[in-house]
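Take a look at the letters that make up each chain.
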Amino acid sequence: VSLLWLRDVCACAKCVDADSGQKSFSTSELPDAPAVQSAELAADGSLRVVWAGDTHASAWTRQDVQGWRRDHGGVRTPHALPVARTFWDRSAYEGLLARGECRVSYREWTQDAGAFWRAFAALCETGLIFVTDVPDGEQEVEHVANQIGILQHTFYGFTWDVKSKAHAENVAYTSQFLCLHQDLMYNVPVPRLQLLHCLANSCDGGESLFSDGVRAAYELRLARPDLYDVLTQPMVHFHYDKEPHRYEMVRSTVAETAGGLTELTHWSPPFQAPFRREPAGGAADEKYTLAKWKQAAAAFQASLEAPENMVEAKLKPGECIVFDNWRVHHGRREFATGQGSRWLKGTYVSDQVHRA
């Protein structure tokens with residue numbers, strides 16, 4: 001390894017504050033070519049180096065040294081989660097619920113560390129869990145989310161109400177059928193986790209719908225790689241255009257990691273803006289056209305919305321769903337407003353907080 005790099009990663013009490021864990025010097029202040037006065041590799045695999053000039057001593061454990069070989073400097077990749085994802089269709093997810101997985105009580109979530117981490121691992125694996133027996137109260141969704149971390153603020157605020165109302169500025173605030181979608185595709189950053197706490201749901205209808213979008217993307221990748229390729233192109237404009245808020249972002253329908261794995265999806269038909277205009281007949285020979293995207297999107301949507309792939313649940317008061325908005329698509333059946341009421345309280349958690 002570079003001696004400049006080795007001197008820079010010194011974590012002794014002079015270089016890293018013991019209380020804050022923060023670096024107490026600037027890399028730019030180091031010698032251009034640090035020299036070693038002595039170095040010793042102990043029998044236990046730890047390394048000690050004394051630097052020439054200021055006789056500064058640095059020490060690293062065996063685990064530190066092995067880490068340099070494994071991940072090029074001990075810097076963990078920002079895309080690494082501690083558990084692998086499990087993709088699901090309806091029967092697979094209902095099987096998990098039947099075995100008591102992907103479900104945790106409010107008391108366990110907030111007071112039992114072991115139960116919380118098992119549930120959080122299930123959230124990382126499947127992207128969807130149910131928190132049950134949540135107390136009645138508008139602030140309870142915040143308490144559930146705060147077990148993970150701070151809330152993400154958007155122009156909706158830290159929390160928001162999903163209720164049917166007249167002249168709604170968002171289709172979610174109506175009683176209409178709401179197709180499978182992901183939230184805030186026009187926002188930067190897109191919220192990673194979404195929480196919805198059911199406070200009332202006595203209307204006829206209004207069942208919640210969920211589908212694993214990354215599973216659907218992989219299915220298309222296996223069956224029609226040509227169509228999948230079209231969906232990886234940044235062709236779709238999403239927007240929110242309602243005074244005083246105007247947001248727009250161009251995204252691909254499917255996004256991959258640097259290593260080529262299918263990582264996440266961007267799908268929200270209600271908030272799709274017009275595509276970039278194509279000249280009539282002029283783009284017929286191009287590889288990525290609106291017609292090609294439409295064909296690919298139709299295949300993706302068919303997999304996403306197939307009854308055998310969707311989980312349907314009539315949320316009960318006291319239930320809070322927590323799901324990965326980068327992966328799990330959600331929607332809602334139409335419901336009657338003549339009698340009863342339907343009220344969900346929602347909030348978001350950012351990707352950065354989720355990973356932390």
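Labelled according to an unreviewed UniProt entry, the protein chain appears under the name Gamma-butyrobetaine dioxygenase, originating from Lasiosphaeria miniovina. A UniProt comment under Cofactor (unreviewed entry) is attached to the protein chain, and it reads "Fe(2+)". Its UniProt record, at the heading Sequence similarities (unreviewed entry), says of the protein chain: "Belongs to the gamma-BBH/TMLD family."

What follows concerns the overall build of the protein chain. Helix and strand counts for the protein chain stand at 10 helices and 17 strands. Based on the C-alpha atoms only, the size of the protein chain along its principal axes is roughly 80 × 60 × 45 Å. Classification of the 356 residues of the protein chain by burial places 47% in the buried group. When contacts within the protein chain are restricted to residue pairs at least 6 apart in sequence, those whose partners lie at least 24 apart make up 74%. Accessible surface, the protein chain: about 18,500 Å² in total, of which carbon and sulfur atoms supply 52%. Distance between charge centres in the protein chain, computed from 36 positive and 45 negative side chains, equals 2 Å.

Turning our eyes to something else, we now look at the sheet that holds strand S15 (residues 320–324). Think of a sheet as strands paired side by side through backbone hydrogen bonds, with each pair either parallel or antiparallel. Taken in spatial order, the six strands of this open sheet run S4-S5-S15-S8-S17-S6, and their pairing is mixed. Every interior strand has two partners, whereas the edge strands, strand S4 (103–105) and strand S6 (159–162), have only one. Here the average twist between neighbouring strands, direction ignored, is 25 degrees. The pairing of strand S8 (residues 193–201) with strand S17 (residues 342–349) spans eight bridges and is antiparallel. Bridge assignment links leucine 196 to a residue of S17, and that residue is glycine 346.

As annotated in UniProt, the feature "domain: Gamma-butyrobetaine hydroxylase-like N-terminal" (unreviewed entry) corresponds to residues 2–58 in the numbering used here. Span residues 2–58 is 11% helix and 23% strand, its end C-alpha atoms 15 Å apart.

With that settled, consider the sheet that holds strand S7 (residues 178–181). Read from one edge to the other, the open sheet built from four strands follows the order S7-S16-S9-S14, with strand pairing classed as antiparallel. On the outer flanks of this sheet lie S7 and strand S14 (311–313), each paired with one strand and no other. Between one strand axis and the next, the sheet turns by 15 degrees as a mean value, whatever way the strands run. Here S7 pairs with strand S16 (residues 328–332) via two bridges, running antiparallel. Bridging from a neighbouring strand, histidine 181 pairs with histidine 330 of S16. Together, strand S9 (208–212) and S16 form the strand contacts of helix H7 (residues 213–223), whose direction differs from that of S9 by roughly 45 degrees.

Cut-offs used in this document
- Residues numbered from 1 in each chain as written.
- Predicted model: local features only at pLDDT ≥ 70, side-chain atom pairs only at ≥ 80, totals over all residues.
- Heavy atoms only, no water.
- UniProt positions renumbered as here; feature names shortened; annotations may be inferred.
- Helix = DSSP H or I, 4+ residues; strand = E, 2+ residues; numbered from the N terminus.
- Buried < 20%, exposed > 50% of the residue type's maximum accessible area, 1.4 Å probe, protein only.
- Contact = heavy atoms within 4.5 Å.
- Areas by Shrake-Rupley, 256 points an atom, 1.4 Å probe, with all protein chains shown as cover.
- Lys, Arg positive; Asp, Glu negative; His and termini not counted.
- Charge placed at Lys NZ, Arg CZ, Asp CG, Glu CD.
- Pairing = 2+ DSSP bridges.
- Axes fitted to C-alpha atoms, helices over the stretch in contact; angles between N-to-C directions.

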